[in-house]
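Listed below are the residues making up each chain.
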Amino acid sequence: MSEQCPNCLSRRVGRKNFGKKGAGVVGASAGGYGGYVAAATGAHAGAKLGIVAGPGGATIGGIGGAFIGALLGGATGASAGVILGDVLDERVLDNLRCLDCGYSFSAAPKSPDDNR
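Only a predicted model underlies this, so the values are computations on that prediction, with no experimental measurement involved. (Residues numbered from 1 in each chain as written. Predicted model: local features only at pLDDT ≥ 70, side-chain atom pairs only at ≥ 80, totals over all residues. Heavy atoms only, no water.)

Asker: Just checking my understanding: could you explain the overall build of the protein chain for this structure?
Answerer: Each helix and strand in the protein chain was counted, giving two helices and three strands. Walking the protein chain from its N terminus toward its C terminus, one meets helices and strands in the order β-α-α-β-β. Carbon together with sulfur atoms contributes 65% to the accessible area of the protein chain, which is approximately 7800 Å² in total. (Helix = DSSP H or I, 4+ residues; strand = E, 2+ residues; numbered from the N terminus. Areas by Shrake-Rupley, 256 points an atom, 1.4 Å probe, with all protein chains shown as cover.)

Asker: Help me out: how do you make sense of the sheet that holds strand E1 (residues 13–15) in this one?
Answerer: To summarise the sheet geometry, strands pair through backbone hydrogen bonds and adopt either a parallel or an antiparallel arrangement. Reading across the sheet, the three strands line up as E1-E2-E3 and stay open at both edges, with antiparallel pairing between neighbours. Strands with a single pairing partner mark the edges of an open sheet, and in this sheet they are E1 and strand E3 (104–105). (Pairing = 2+ DSSP bridges.)

Asker: Even after reading the chapter, I still don't get the side chain of Ser 10, so can you show me in this structure?
Answerer: Locating Ser 10 in the fold gives a position in the segment before E1. Since its relative accessible area comes to 9%, Ser 10 is described here as buried. The contact partners of Ser 10, leaving out residues within four places of it in the chain, are Glu 3, Gln 4, Cys 5, Cys 98 and Asp 100. (Buried < 20%, exposed > 50% of the residue type's maximum accessible area, 1.4 Å probe, protein only. Contact = heavy atoms within 4.5 Å.)

Given below as structure tokens:
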């Protein structure tokens, strides 16, 4: 069943998803930074141990490791942020907006009887 505007009873309703977008950006930033710090720390330790391969190998390996760590951390953080943002949109924020009258509202909470 599609949502209905409580103000004008229109069924032309859209989702704003501000929580999902905002938390996704914050999660990607935090995850990217965390991934970069972890990879940079590992690259520093690897450079000390990898001196056997020469200074060029240690440098390229350290930079590559930091870059890959930042990308993986950013992707993981963004995924977690989107999940959190989706919960915020559905439970806290007025995520729905009527496309006819512009009224913002939340979806009606689902009761256990809705699953029948």
